[in-house]
Amino acid sequence: MTRSTTRKATSPLLAPGKVSRTRTMTSSSESVPANPQSPYRPHDYPVVAHSESPALRFEVLARCSVTKARVSKLHLPHFTADTPMFMPVGTQGTMKGLTTDQLRDLDCHVILGNTYHLGNRPGQAILDQVGGLHQFMNWDRGLLTDSGGFQMVSLLKLAQITEEGVEFESPHDGTMMLLTPEKSIDLQNSIGADIIMQLDDVVSSLTTGPRVEEAMERSVRWLDRCIGAHKYPERQNLFPIIQGGLDPALRRKCLEMMIARDAPGYAIGGLSGGEEKDTFWQIVSLCTDHLPEAKPRYCMGVGYAEDLVVCAALGVDMFDCVFPTRTARFGNALTRDGGIVFKINRYQDDFGPIEEDCSCYTCRHYTRAYLATIVNKETVGCHLLSIHNIAYQMRLMRDIRTSIMEDRFPEFVKSFMKRYFVDQGKPYPEWVVNALQSVNITLATS
Amino acid sequence: MSLSFCLHPLTGSTQGRLGTLKLSKTDPSTDSQLPECIETPTCIVPTQRGTVPHVTPDHFNTIPGLGAVVMFAEHLVEQRSHPVLRYSNTSDPSTGGDGHHFFNLAHHWLCLDMRDPRQQHQAAHHSNKFYRAETISGVKPVTLEDYLDLVRALQPEMFVALADDLNSLDETEGRFKRSVGRTLQWLDQCLAQRPNPTTGVWGVLKGGPLLDQRIFSAQQTATRPVDGFLLNDLSLAKDVALQQEWIKTSVAHLPLDKPRMVYGMDHPFSILDAVSKGIDVFDSYYAKRLAENGQAIAFHLDESTLKSKSDAEVTSASADGNNSTKLPLTRDLNDPVYKADFTPLDRMCSCYACAHYTRAYLHHLFITEEMLGKVLLMIHNLTLFADFFKYIRQSIQQGTFDQQVSRFKDTYDSYSH
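Calculation rules
- Residues numbered from 1 in each chain as written.
- Chains lettered and ligands numbered in written order.
- Predicted model: local features only at pLDDT ≥ 70, side-chain atom pairs only at ≥ 80, totals over all residues.
- Helix = DSSP H or I, 4+ residues; strand = E, 2+ residues; numbered from the N terminus.
- Rg over C-alpha atoms; globule rule 2.2 N^0.38 Å.
- Buried ≥ 20, exposed ≤ 12 C-beta atoms within 10 Å, placed from the backbone.
- Contact = placed C-beta atoms within 7 Å.
- Pairing = 2+ DSSP bridges.
- Axes fitted to C-alpha atoms, helices over the stretch in contact; angles between N-to-C directions.
- UniProt positions renumbered as here; feature names shortened; annotations may be inferred.
- Nonpolar A, V, L, I, M, F, W, Y, C, P; charged D, E, K, R; others polar.
- pLDDT = per-residue confidence, 0-100.
- Domains from an automatic or database assignment.
- Left-handed = near helix turned anticlockwise from the far one by under 90°.
- Arc of directions from axis to C-beta.

Colleague: Would you mind showing me how to read the overall build of chain B here?
Modeller: From N to C terminus, chain B includes 15 helices and 17 strands. Against the 2.2 N^0.38 benchmark of 22 Å for 417 residues, chain B shows a C-alpha radius of gyration of 22 Å, consistent with a compact globule. Counting only C-alpha atoms and orienting by the principal axes, one finds that chain B spans roughly 65 × 50 × 45 Å. Looking at the 417 residues of chain B, the share that counts as buried comes to 50%. Sequence-distant contacts, at least 24 apart, represent 73% of the contacts inside chain B between residues at least 6 apart.

This is the structure we're talking about:
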C-alpha cells in the first residue's frame, strides 16, 4: 500500500475521484490466469478493473467521473451480484415472512444470515447434515454470514473478550461458552455462505483510549487465525473487517496489515454505533481510499437511504441492515419522499399506492387506505410492507448503479437528496453536505 | 335468484350431493378472472380484515380448488368508516372498483357475512334496529343499511343476510324464538333492499337448541327466494354428535335444489358426516387454526393414497410397537422428531411448501417463531384441505363415497389433531 495516495480524512476539498483513479493500476484488466474454480463466466461488457480469488471474481464496470462511486459485478459461487448492492438481513434463515420466491422476485442478490442465531438453531449438526443454509432455506442465490461476535457483544451482557475469543454465558443453560475465531469459521463453514466474516474484536465506536488499539491489533491476529481455520477458501470468501475505531491512524495501520493478507474483499467495521455522522463518513472515506480498487468493499450495518447514497459516492459496494424489514414490522413504509407511518384512521381516503411509480407487488395491488387497516393487525400487512421496503432499497441501488453507468451519478444524488430532504421541508443534514462535498458534489442550500 | 345451483343426479347409495354453483349472470364485457363455477362439496376461505390470514395473494392464487373467500363486516366496522365504502366513489376511474380490487382478491368469489363465527363473542344485544358487532375497538351498532352499504361497496358475488346471531346456549327460550323471527325479518329486508339483484343471498337458519324452532326457521327460510342456506350456530352445540343432530333437523326441511353451507366443522370426520347429510359448503378455518399451531394436515381421501397408507404405513406403525394402528390426521411441526427430517412435508402434496421446503426447515421456523412457518403451513393446509374436497366430489361421482368414508375413518386416528 502506498501512503502517497492517502488523503487526510479531514480535508474534504481534495478531489478523491482523481485520487482513486490513480490507484486502478493495482488491478489492470489484463491477463489474470484462468481459475477453473472461478465463478466467472465470459461476458461482453467492458471491465475497467478486476480481481480474482478462488471463490470470487470482482469486475468494476464503470466509475463515476466525479465521485468515488463505481458499478461492479460480484461473481460469487451461487450468484453474480450487481454492486453497489443492499443485502437484506434474514437472521434465522428466513426473511421475515417472505418466501424465497418472493425474495427472487424482489431481485435480492445476496441475503444475510446471522451465525450466532443459526449456530443456536438449527445448530451446526443440522446444517452439516443438510449441506448448508442454501439447502436448508431453499435459497439459490448469494448468502453472507457474520462472525457471530457482534451478537455476543450486543445481545449478551456477560460477554468477555480475551485473546482466546469471546467468552459468554449461554442463554440456554447459563454455562460459560467460548467463541474463538476458529469456532466462528467452523460454524460459517457449516452454514456455507458465499461470503463469511472474520471474528473481530468489537468495541463500541464511542470507546476511546488503548482499548481501541488493542481491539484493532487483536482483530488482525484473529484474522490470521480465521484464515488458518478456513476449510473452504475455494467456495467461501473470507472478508477481513477493518477496525481501528474513529482514529484515522489506527484505521490506516489496520488497513495496511489487512490488505497485506490479500483477501477477496474487505468490510469496514466498528461504525454505525452512535458516533457522529461526520466522523462516520470520514472513516468510511479513509477506508475506501486505501482499500484495493478492484476488490469489493462492504460497509456493515448501513441501510438508511441517505447513508446508502453517500457511502456509494464514497466508493462502498455492499451494505446490509435490518432496518427495512424491522421498520416494516412497526408499520413504516419507505418512500423517496421519506417514511410513511401507517396507523389506524390515517390515509383513510388515500387510494393511491405507497409510492406512485413503484412496481413492487404491494404497490401494484394495494392502496394506502387498505394497508392502513391491516398493518400491525394482520401478518399479511407486515409481509406487504416488507415487500415494498425491500423493493424500495433494491430500486434505490438500481438507480445508483444505472446513474453511475450513465455517468450522471452526481445529478442523481442531488435530485435524490433534494426530494428526500428539501422537498419535505427539511434542511440537508450537515454531514451529508460535507460527505458529498468531499467527493465534489455540492448540495445547493437555498 | 342470482346464483344457480345445479344438483347432479344422485348416484348409487351415496348420500352426499354433488353440485355446481354458478354465477347466473357474468358480465361479458369484463375480463373477469373469477372462476365461472364452483363444484360442491367445497370449502370457502374465511378472511380477516379482508385478507386471507398469513398468505399474500400471489401465493394464495396458486392454490388450486379454492373458489371463494368470505369477508366479515364485523372486521370492516372496526373503524368508523372503512375506506372500501368510498373506494368505488373515487373520482379517479383507475382506482374505482369493487371489493375484488380493493382487497386484491380478483381470482375468487367474494361472500360477505356479518359475524366472524370463529371470533369470541360476548353477549348479543341486537335490536330490531341495530346489530351489535363486537370488534377489537368495542361494540359497534350496525344498521341493516350500514351492512347493505358494505354489500354495495364490495359488490360480492353473494352475501349472507343479516341474522340475529346468539353467542351462548344460556340465552332464554324466548330469546332463541325472537332470534328466529328477527332473522327472517332481516332476511326479507335484505332480499328486498339488496343493491344488486344479481347478488346471491344466503339465508341463515336459526333455532339454537330448540328443535321446533330449528324446523320452523328452516321451513320459513325455504319459502323465501334465497340462493342458499347457512347454518352458522353449530359452534353452540356442545359436541360433534349434537352438531350433526342440528344439521339433520335443519336440512330435513330444506329444498333439495339449493346449496347448504355450514360454519364450524373442525374435524374431517365431521365434515364427511355433514356431507352425507347433504351439506355442500364448509369453511376452511380448520386449515388456518392448525397452521397457526404448527400442525400440518396429513390426511388424504383419495383412493390410491388411502390404500398405500393402509398397506404400508399402518403396518409399520404397528410394527413399531405403536398401540394405535391408525395414522395421525396432522403432523405437529413443533415436535423435535422433525429436527433433522429433510423430507418434504408430505410426499403426496404438490403445494409450494412441499415442493420447496423440508420438515426440518418448518420445524426450525416454528421453534424460532418465524412468521414464514405459518405462511408455508397455511399454503400447505389450504392445498390439502381443498384436495380433501376434490376427493369427496370424486368419490361421490364414482359412487364410492360411503366406502371411502369408512376407509378414511379406519385409516386415521380421530383424536390425532
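Colleague: What is the right way to read the pairing of strand β1 (residues 49-53) of chain A from this model?
Modeller: Looking along a regular strand, one sees the side chains alternate between the two faces of the sheet. Residue and element names in this part refer to chain A. Of all five residues in β1, five are buried, a share of seventy percent or more. Residues A49, S51 and S53 point to one face of β1 and H50 and E52 to the other, with burial holding for every one of them. Where β1 and strand β2 (residues 56-63) come together, five bridges link them in antiparallel fashion. When the bridges of β2 are listed, H50 appears paired with E59. With antiparallel pairing between neighbouring strands as the criterion, β1 and β2 make up a hairpin whose turn holds two residues.

Colleague: What is the right way to read the sheet that holds strand β4 (residues 80-83) of chain A from this model?
Modeller: Whenever strands of a sheet pair, they do so through backbone hydrogen bonds, lying parallel or antiparallel. Residues and elements named next belong to chain A. Taken together, four strands build an open sheet; the order of strands is β1-β2-β3-β4 and the sheet is antiparallel. Lying at the two open borders of the sheet, with one neighbouring strand each, are β1 and β4. The mean angle between the axes of side-by-side strands here comes to 15°, regardless of whether they run parallel or antiparallel. Packing against the sheet, helix α14 (residues 379-405) makes contact with β2, β3 (70-75) and β4, and its axis sits at approximately 115° to β3.

Colleague: Is there a simple way to explain the UniProt feature "binding site: Zn(2+)" (unreviewed entry) in chain B in this structure?
Modeller: Residues and elements named next belong to chain B. Summarizing the sequence annotation, UniProt attributes the feature "binding site: Zn(2+)" (unreviewed entry) to C349, C351, C354 and H380 in the numbering used throughout. A maximum C-alpha distance of 7.9 Å among these annotated residues, which run over 32 residues, shows that they cluster at one spot. Mapped onto the secondary structure, C349 falls in the loop between β16 (330-332) and α12 (352-356). Given 21 C-beta atoms within 10 Å, C349 falls into the buried group. Apart from the residues within four sequence positions on either side, C349 is in contact with C354, H380, T383 and L384. By secondary structure assignment, the location of H380 is in helix α14 (residues 371-397). Residues in contact with H380, not counting those within four places in the same chain, are A296, I297, L345, C349, C351, A353 and C354.

Colleague: Whenever I open this one, the interface of chain A and chain B confuses me. Can you help?
Modeller: Where the parts come together, the accessible area they lose is often given as the size of the interface. Between chain A and chain B, the residue contacts involve 32 residues of the former and 33 residues of the latter. Those elements that place two or more of their residues in the side of chain A that touches chain B are α3 (115-130), α4 (133-137), α12 (361-365), α13 (368-374) and α14 of chain A. Take the side of chain A that touches chain B: its biggest share by element is five residues, from α3 of chain A. When grouped by side-chain class, the residues that make up the side of chain A that touches chain B number 14 nonpolar, 13 polar and five charged.

Colleague: Please clarify how the UniProt feature "binding site: Zn(2+)" (unreviewed entry) in chain A should be interpreted in this entry.
Modeller: Residues and elements named next belong to chain A. Here the UniProt-annotated "binding site: Zn(2+)" (unreviewed entry) positions come out as C358, C360, C363 and H388. For the residues just named, distributed over 31 residues, the greatest C-alpha separation is only 8.4 Å, placing them together at one site. Residue placement: C363 occurs in helix α12. On the basis of neighbour counts, which here come to 23 C-beta atoms within 10 Å, the residue C363 falls in the buried class.

Colleague: For this particular structure, what's the right way to read the confidence of the model for chain A?
Modeller: One rule of thumb: low pLDDT means the predicted coordinates there are not for detailed reading. Chain-level pLDDT for chain A is 89 on average; 89% of the residues reach the 70-or-more range. Below a pLDDT of 50 lies the segment residues 1-40 of chain A, which in the model reaches 75 contacts outside its immediate sequence neighbourhood of four places, other chains included.

Colleague: In this structure, what is going on with the domain arrangement of chain A? I would like to understand it.
Modeller: All names here are of chain A. Taken domain by domain, chain A consists of domain 1 (85-321) and domain 2 (328-393). Using only C-alpha atoms to locate each centre, domain 1 and domain 2 end up separated by 31 Å. Contacts between the two partners involve nine residues from domain 1 and, on the opposite side, nine residues from domain 2. The residue makeup of the side of domain 1 that touches domain 2, split by class, is six nonpolar, two polar and one charged.

Colleague: What is the right way to look at the domain arrangement of chain B in this model?
Modeller: All names here are of chain B. What the domain assignment reports for chain B is domain 1 (3-24 + 33-283) and domain 2 (298-413). Distance between the C-alpha centres of domain 1 and domain 2: 29 Å. If you look at the interface, domain 1 gives 24 residues, while domain 2 gives 25 residues. Of all the elements in the fold, those that place two or more residues in the side of domain 1 that touches domain 2 are β4 (42-46) and α9 (268-276).

Colleague: Can you help me understand the sheet that holds strand β14 (residues 266-268) of chain A in this one?
Modeller: All names here are of chain A. The strand order across the open sheet built from five strands is β5-β16-β15-β14-β13, with neighbouring strands paired in parallel fashion. Of all the strands in the sheet, just β5 (85-88) and β13 (241-242) have a single pairing partner and so form its edges. Pairing of β13 with β14, which is carried by two bridges, proceeds in the parallel orientation. Within β14, the position partnered with I241 by the bridge is A267.

Colleague: I'm lost on the packing of α3 of chain A against helix α6 (residues 181-191) of chain A in this one. Help?
Modeller: Two measures define how a pair of helices packs: the angle their axes make with one another and the distance between the axes. Residues and elements named next belong to chain A. As a packed pair, α3 and α6 sit with axes 9 Å apart at the nearest point and diverge in direction by 65°. The chirality of how α3 crosses α6 is left-handed. Only S184, L187, Q188, S190 and I191 of α6 make contact with α3, whose side of the interface consists of T115, L118, G119, Q124, L127 and D128. Taken together, the residues of the contact of α3 with α6 sort by class into four nonpolar, six polar and one charged.

Colleague: I'm lost on unusual backbone geometry in this one. Help?
Modeller: Glycine aside, the phi torsion of most residues is negative, and most peptide linkages are trans. Residues and elements named next belong to chain A. Note that the residue after T83, namely P84, is joined by a cis bond; omega there is 0°. For P84, the location among the structural elements is in the loop between β4 and β5. Look at the link from R121 to P122: it is a cis peptide, with omega at 10°. Locating P122 in the fold gives a position in helix α3.

Colleague: Could you clarify how one ought to interpret helix α5 (residues 144-154) of chain B in this entry?
Modeller: Given 3.6 residues per turn, any residue in an α-helix points the same way as the ones three and four places further on. All names here are of chain B. When α5 is considered as a whole, its buried residues turn out to be Y147, L150, V151, A153 and L154. An end-on view of α5 places all buried positions within 165° of arc, on one side of the element. Phi for Q155, located one or two positions after α5, is positive at around 45°.

Colleague: Help me out: how do you make sense of α6 of chain A in this one?
Modeller: All names here are of chain A. By the criterion of burial, α6 is predominantly enclosed, with nine of the eleven residues buried. Regarding α6, the residues found buried are P181, K183, S184, I185, L187, Q188, N189, S190 and I191. Just downstream of α6, G192 is the residue with a positive phi angle, here 80°.

Colleague: Is there a simple way to explain the environment of G174 of chain B in this structure?
Modeller: Assignment of secondary structure puts G174 of chain B in helix α6 (residues 173-193). Here G174 of chain B falls in the exposed class, since 8 other C-beta atoms lie within 10 Å of it.

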